[in-house]
Each structure stands twice: as structure tokens, then as C-alpha cells.
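# Tertiary structure, described
As a plain string of letters, each chain reads:
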Amino acid sequence: MHLGDDEKGTVARRTVLKGTAAALAGVALVAGQQPVAHAVVPDDPEQRLLQIVPGGNGIIYTLYADGRIKWFKHLGRDNGTYNWASGDGREIGSGWQIHTNVLADQNGQLFGLCGDGTMWWHKWVLTNPATGEGYWAPGTNNVIHRGFGQYSYVFGGWDGVFYAVDAHGDMYWFRYVAGDGSNGPGAWANNGVGQKIASEKRDYDMFFADMNGVIYGVRHGASLHWFRYLAGDGTNGPGAWANNGNGIQVGSGFDFGSCVERFTENGVVYVVWVNKDHTQADHELRWYKLADHLTIDTSGVFWPNGDGALVGTGFSVTRGANLQGYTSWSVGPGQRLDVAVSTTFDQFSASVLRLAGPIEQGGATQVRAPQTYRGQRHLLRSGYRANGPAWPASFSFTVPDDWQSGFHVVKLEGPHGLRQYIPFVVKPKQPREKVALLLPYLTHNAYNHWGGHFQYSWEPEYGRRQISTRRPFANAYVEAPGFIDVRFHGDLLLMKWFADNNVAYDCYQDLDLHDPSWLAQYKTLVLATHPEYWTPEMRTALETYLANGGRVIYTGGNGMYERVDYDASGGFVLHRNQQGHRWLWRDQGRPESQVLGVAYDSYSYMEMYPYVVTAAHPFLEGTGLAVGDRFGETGYNFAASGWEVDTRAGAGPEAPGVVQFAQGEQAHGAEMCVLPKPNGGWVFSASSLCFNGALAHDLKMSRILLNAVNAAQA
């Protein structure tokens, strides 16, 4: 089975399949709607598929970016051989790109989720299991549930069982029992109301399900954990979970840095790995089998083929390939913003929101009404990871003079609530407030896994990594993703704190410091959650600002850790040194502690603990906290000291005069410090990635930050 060669000449098309269902086979359309013809666009070998869905007994459904769905059957499922029934697959429908996620069971049922929270039912009835020939059952395209919009994501499908994870990381169990597309009384267990079966699983970036209650979770840091939900009925009492609900590590490397797709069936795990050659497409399907996968808690972990087997090629997956786009990182009033969009829909709408917090917490204000544009799919050019896809602007507009500075998103919308967000900053025409907020776009770009390769993908150390700034963001989580986050959602939690405490600010992004003429006009500069990557120009600007009496409030962790270079004309960032090694400031004799008072300390990775007061300090005024008291015990990213933290001795000698007044309770916990600078300047460091996520959960900690902000403006 080889898609890579056979599919290159295939064109997007709609297909009506004849059969007893007498309907548009597989086209997810509202009754009465008719399919609209698309322009002929070649298949894109770099982002051919939206998703790969297992269907039991070796059946695999591939959902194409242009909406087609194909049926394949891996005859080598049990032994990992390169052996497929009907090697080119069978196209069985179209229009599937309206779905944000598709799940399936082993009986031909496919469940399509939409952005509006609906779940659509389909069933492919096989008449020839060797070729995939069949028909769509009556009831196909029926909506069987409307309540999934309240969840961050949904996975599962086997036996009609679904697991939904909400913004808090709580997991809920559903089961569709009717199996025929109906949605009347008794169609769902518990009348379709989710049953909570696990709490606060936010340290897992994703889950995917196997049969018989087996669940795999990718814990942040790339380790693969095994769970098994034994109860199978939505209850959560004693014995409901194997190993008391605690995950058992069975592998590693299943995160976005290693693979672009992963799914499982009956102990077999399929993975589309990121290609180690960064110039090649990520398209190889690998097969693994976990022995005794139902009894890992008692039989132990054993992969008979630990190196995996290549069983297919051409499986390039980009989940957002149906609707995606990018724009400049920042723009000022009176300047033009060009927005490039690639979509497989004939049209899309776009609006602009100013965000002062996460969308689900009411943080969005619409500043530009939705407008409809013609859709066009753009293929990826060679070298797009390094130099950007170079799509033409789909639309442009001039930013009005009355737009308030802040974090904004272009909201792209497709059918049935499908949405994607393009983040950008509106900077002020002239500094207006006393406080400037700097959003760490260079860090967000370094962790942006769109296109497969990024700063943390697993290819060999081949030298410098060139990563474009002109590309879509795969990690623009402005709605709660259901897992811990220190990308845009983490920064939005800080912006929510600003709004709740009536702290006015102007907003910028990292590269705005390359022209730092604005910086001296502010009383204080606030660094957001994860300002890890700094160019020499940025660092010089900050050091000059501090030397002249500026104040810096550093609310995150792992700050100013690594150097990068930026090429403005090419629109790309260069990571790592010539040998391909991490390019740390401390290795160049310039540890971050000399600027921030603290430096990254790797010993406490993914440990989350409260802070404890270690000394009296003016920033504790009004908190009621005394030496020995704890604070920051919980938050969106768990306790306030953790994930990645900084300490005074994280990189060599302490900075002169630095004062610590609180520290995380774990060994090498985050050290909350103040570092004096010349001419009345100073730096306050919270020293933890988890700090901003806990602000809304702890009024005493919130008061500490407010005291620091007020002091900085004095």
C-alpha cells in the first residue's frame, strides 16, 4: 500500500455512490443541502490527510484534506507486514472536512464531531471485506448528540464508547448504544449525559483509546502511559480502573516532537513519525504491537518489535489542513495586516477578536465583524519549514486608529462551527500606559509543531535549525485545551489577571524589541509565561532599559535561556549552534541570572508544588502571609511552583544583591526574588511556568503580583 506515488495526480472531487442508502455516500451534509463543486486542486503530498481513523480488524479510514474518505485494510495488522487489501484503497465518500474529529468503532460506525458540539453518525456497511465495497446505511448523516461543545476534546469510538475531556482535564464517559443513527430515548447510556470517571488529567497532552477500556495517555514530556477503565459503565468506584487509575509508562516519544499521528487497535499501535530528515515529508506509517496489552498492570510491559515495522507510506497528516492561516506577529494602528489562508472549503468567514483572557472565560471582544471570503487551497512549496509556505494574502485590512493595543486573533470559521485562530499583537502607535506586556512569540514559535519539524522535533543534530515565523500556529490555544499550557492560553491567564485587577497595559511581541525606542517610555516591562528564547538585540535592549532605571516583572520560568538569531528579510529564526547543540546564554558566559536574578534549574521538571514564604518583604503587604506560610497550592497548570523553574544558583554564581522571599517546596523549587538594578531599577522574578496559571486560584499570590506591579509604576 503506497499513497505517495499513486495519489500525486489525484484531484479533489465530490462523488455520489449508488447503493441502498440512496444518499450522498459519506458526505456530511445537512439534509437538503447539495454539494458544491470545488476547483480542481492537486493533492498535497506534504499535508494530504486530516486524520487517520482505525475501524477494527485492520480497517483504516483516511480523511483527506479536501474532504474525501478512503477505506483501507491492513492485512498485516497481526504481524506487522507491508500487506494491504486493495492497495490503493477505496474512496467511499466526500465532504468530511467539516469535522474537527472523526472516531469509529469495529462495526462500520463512524462518528463525526463538529465545531458546534454536534456528533454526526455514519455507517459503512461492507459487502466485500476484501475490497471495501459497500454502502452507507440508512440514517447516515444524522446528528446523534449536541452536547460535546462544552468539552476540550473527545476520543474513543470503540463499541460506541467516547471519552470527553473538559477544560479542567476531567474525563467523562459516554456510550452510544442505538447503533443505527437514531437519537431517541435509550439511544445513549445515561440519556447521553457524560459520567465523570477521572479528574484533573491536565498533565496529559492527549489521549487515544483502544478496545476493551484501554486508554493511552501522552504525559507532557512525551512518555506514553497505559490505563484501563474496567467498569465500562460510567461508574468510578473502587476497582473501576486498573492500577487504581494510575498510568503505567509503556513507552516514550509519542508527543508532537516525535509523531504527527498515533492510533491503536487491539494492542497494535500505529504511528506516523516525524521524518528524521527535516527536508522530507512526515508520511511513514509504523506498526508496533504491545504484548498482553489488556493486563499491563499484572503482566508487565513488552514490545516484541521495539523498533517498529514500516507498513505504509504517503500518510502525511495535518489536522488543520482544511482551514489554516497566518499573518504578521504584530501591527500598529494605521498599518495594513495581510492574512494568508489556505482552505479546502469554497468559502470561509473571518473576524477579529481582542482577547483579554481565554475565550471560554469571556475574554473576547469582537473588533472586526465577520466577512466572507472565497476559499482557496494552497500547496506547500519546497523548504516551507525553513522559509514559510509563502501563500498569497487572502484578504487585507488597515488596523483602525481606535483599536486598543493588545493580543488579537483572526478567527477563521468554516461550516458547522469549525474554527481556527491566527494570533497577532496590536501594538500602540505611541506608548500610552505605564505598563508594557511582552508576549514571547519566539518561544511559541519554537514549540509550534505545525509542519512536523520544529525546535523540539527529534531529527539528528544536523546543525542550525531554521524555522519560519511566517506559518500557521498549531498551538494557538485561545480556548482551554484541556491540558496544561504555557503557550498562548497560559499568557491569556496572565491577561485575565490584568483585566480582573484593572491594570492597563500596552502590548508587544518579542521581535518588537529589535526597535526598542518605545521601551524607555514605560515604567515597567512585564514578561509573560515562558520567555525562553532571546536574540542578542532583545537582550541588549532589556539590559539597557534596566541600567537606566527600568523595572521588569518576570511572571514565568525558564526565561532568557537560549539564544536565537532572527533574519528579518527572510522571516526566519535560527536555533542552535553550528554543531546543532542547544545555544544557551550561560554557555556563552552570559547566564540569565545576571539579568533576571534567577536561572533555569532543570532538577524539578514536571514537579508542581506550592511556594512557602522564606523572608519578610514589601511585596507581601496585605497578603497576611508570614514566614513558613504556603501559597499557590493549585491552579490551571497545577501548583504555582513547577513544570520548569528558576533558582538563584541555576547557572553559576548568584547575581549580586538578589533577595529571595519565597521558594517552591520541592527540591530546587522556584525562587521568588527581587534583583536590584542601577538608577532605581529592579527585576521581580516569579521563576515558575506555573505561576500565572495559579493567579486566579490564590488571592494572596495575586496580591503579591499586584504589589509588584504597583511598586513598578511608582
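Residues numbered from 1 in each chain as written. Predicted model: local features only at pLDDT ≥ 70, side-chain atom pairs only at ≥ 80, totals over all residues. Heavy atoms only, no water.

## Focus on the overall build of the protein
On a plain count of helices and strands, the protein comes out with nine helices and 47 strands. In summary, the protein has a C-alpha radius of gyration of 26 Å against a globular reference of 27 Å for 714 residues, a match within 12%. The C-alpha extent of the protein, read off along each of the three principal axes, is 80 × 60 × 50 Å. The buried share of the protein, reckoned over its 714 residues, is 62%. Accessible surface, the protein: about 25,200 Å² in total, of which carbon and sulfur atoms supply 47%. (Helix = DSSP H or I, 4+ residues; strand = E, 2+ residues; numbered from the N terminus. Rg over C-alpha atoms; globule rule 2.2 N^0.38 Å. Buried < 20%, exposed > 50% of the residue type's maximum accessible area, 1.4 Å probe, protein only. Areas by Shrake-Rupley, 256 points an atom, 1.4 Å probe, with all protein chains shown as cover.)

## Points about the sheet that holds strand E4 (residues 84-93)
To summarise the sheet geometry, strands pair through backbone hydrogen bonds and adopt either a parallel or an antiparallel arrangement. In space, the four strands of this open sheet follow the order E1-E2-E3-E4, with antiparallel pairing throughout. Across the chains shown, the open sheet's two edge strands, defined by having one partner strand only, are strand E1 (49-56) and E4. Taking the axes of each pair of neighbouring strands and ignoring which way they run, one obtains an average angle of 25° across the sheet. Relative to strand E2 (residues 59-64), E1 is paired through six bridges, and the arrangement is antiparallel. Bridge assignment links leucine 49 to a residue of E2, and that residue is tyrosine 64. (Pairing = 2+ DSSP bridges. Axes fitted to C-alpha atoms, helices over the stretch in contact; angles between N-to-C directions.)

## Digging into helix H9 (residues 699-713)
Here H9 is 15 residues long and its end C-alpha atoms lie 21 Å apart, about the 21 Å a rise of 1.5 Å per residue gives. Sitting at the amino-terminal end of H9 is aspartate 698, which places a side-chain oxygen 2.9 Å from the backbone nitrogen of lysine 700. (Expected span 1.5 Å × (residues − 1). Polar contact = N/O pair within 3.5 Å; in protein donor to acceptor, adjacent residues only side chain to side chain.)

## Looking at the packing of aromatic side chains
The relation between two aromatic rings is expressed through the spacing of the ring centres and the mutual angle of the planes. Applying the stated criterion across every chain yields a total of 55 aromatic pairs. Seen in terms of ring centroids, phenylalanine 207 and phenylalanine 227 are 6.2 Å apart; in terms of plane orientation they differ by 65°. Their pairing is edge-to-face. Linking phenylalanine 207 in strand E14 (residues 204-209) with phenylalanine 227 in strand E16 (residues 223-228), this pair joins segments that are 20 residues apart in sequence. Like phenylalanine 227, phenylalanine 207 is buried. Site record: aromatic cluster; members linked through ring pairs are Phe111, Phe148, Tyr151, Phe162, Tyr172, Phe174, Tyr176 and Trp188. Note that arginine 202 overlies the ring of phenylalanine 638, its terminal NZ or CZ placed 4.4 Å from the centroid. Just above the ring of tyrosine 447 sits the side chain of arginine 487; from NZ or CZ to the centre is 4.1 Å. (Phe/Tyr/Trp six-rings, centres within 6.5 Å; stacked < 30°, edge-to-face > 60°. Lys NZ or Arg CZ within 6 Å of the ring centre and 35° of its normal.)

## Description of the side chain of asparagine 445
Relative to the helices and strands, asparagine 445 is located in helix H4 (residues 441-446). Taking the relative accessible area as the measure of exposure, asparagine 445 reaches 1% and is therefore buried. Leaving out residues up to four positions away in the same chain, asparagine 445 has contacts with Trp329, Ile467, Ser468, Thr469, Arg471, Phe473 and Val573. (Contact = heavy atoms within 4.5 Å.)

## Details of the pairing of strand E11 (residues 161-165)
Of all five residues that make up E11, five are buried, and the element is covered over most of its length. As paired elements, strand E10 (residues 153-156) and E11 share four bridges and run antiparallel to each other. By the bridge assignment for E11, glycine 156 is matched with phenylalanine 162. Counting the residues between successive antiparallel strands, the hairpin from E10 to E11 contains four residues, one of them, glycine 157, with a positive phi of roughly 120°. The pairing of E11 with strand E12 (residues 171-175) spans five bridges and is antiparallel. In the sheet register, tyrosine 163 faces E12, and the bridge partner there is tryptophan 173. Between E11 and E12, which pair antiparallel in sequence order, lie five residues; one of them, glycine 169, sits at a positive phi of approximately 85°.

## Brief notes about the environment of glycine 76
Following the sequence through the fold, glycine 76 ends up in the loop between strand E3 (69-74) and E4. In this structure, the C-alpha to C-alpha distance between glycine 76 and valine 311, residues 235 residues apart in sequence, is 7.9 Å.

## So, unusual backbone geometry
Within the chain, asparagine 212 stands out as a residue other than glycine whose phi angle is a positive 60°. For asparagine 212, the location among the structural elements is in the loop between E14 and strand E15 (214-219). The backbone of alanine 222 sits at a positive phi, close to 85°, despite the residue not being glycine. Residue position: alanine 222 is located in the loop between E15 and E16. Exposure remark for alanine 222: the relative accessible area of 10% places this residue in the buried category.

## Section: the environment of tyrosine 64
Mapped onto the fold, tyrosine 64 is located in strand E2. Given the relative accessible area of 0%, tyrosine 64 is considered buried. For the pair tyrosine 64 and histidine 278, spaced 214 residues apart in sequence, the C-alpha separation works out to 23 Å.

## Observations concerning the sheet that holds strand E37 (residues 565-567)
Read from one edge to the other, the open sheet built from three strands follows the order E31-E38-E37, with strand pairing classed as antiparallel. One side of each edge strand has no neighbouring strand; the edge strands of this open sheet are strand E31 (465-468) and E37. Pairwise comparison of adjacent strand axes, ignoring direction, gives a mean angle of 25° for this sheet. Sheet topology places E31 next to strand E38 (residues 572-575); four bridges connect them, and they run antiparallel. Note that in E38 the partner of serine 468 across the bridge is phenylalanine 572.

## Let's talk about the nonpolar core
Among the nonpolar cores identified, the biggest contains 86 residues, and Phe407, Leu437, Tyr611 and Phe684 are the most heavily contacted of them. Each residue touching phenylalanine 684, except ones within four places of it in the same chain, is listed here: Val552, Ile553, Tyr554, Phe619, Phe661, Met672, Cys673, Val674, Ile704, Leu705 and Ala708. (Core = buried A, V, L, I, M, F, W, Y, C linked by side-chain atoms within 4.5 Å.)

## Let's talk about the pairing of strand E6 (residues 109-113)
Of all the five residues making up E6, five are buried; the element is thus mostly covered by neighbouring parts of the structure. On E6, burial covers both faces: Gln109, Phe111 and Leu113 on one face and Leu110 and Gly112 on the other are all buried. In this structure, strand E5 (residues 101-104) lies alongside E6, joined through four bridges in antiparallel fashion. The residue bridging valine 102 from the neighbouring strand is glycine 112, located in E6. Hairpin remark: E5 followed by E6, antiparallel, with four residues in the connecting loop; positive phi at glycine 108, about 90°. Across five bridges, the pairing between E6 and strand E7 (residues 119-128) is antiparallel. Bridging across to E7, phenylalanine 111 finds its partner in tryptophan 121. Joining the antiparallel neighbours E6 and E7 is a turn of five residues, in which glycine 117 adopts a positive phi near 90°.

## Regarding the confidence of the model for the protein
Mean pLDDT over the protein works out to 92, with 94% of the residues at or above the 70 mark. Scored below 50 in pLDDT, residues 1-40 makes 97 contacts in the model with residues more than four places away or belonging to other chains. (pLDDT = per-residue confidence, 0-100.)

## A word on helix H6 (residues 536-547)
For H6, with twelve residues, the first-to-last C-alpha span of 16 Å sits near the 16 Å given by 1.5 Å per residue. Turning to H6, its buried residues are Met538, Arg539, Ala541, Leu542, Tyr545 and Leu546. One face of H6 carries all of its buried residues, which in axial projection span an arc of 160°. Glycine 549 occupies a position one or two residues after H6 and carries a positive phi of about 100°. (Arc of directions from axis to C-beta.)

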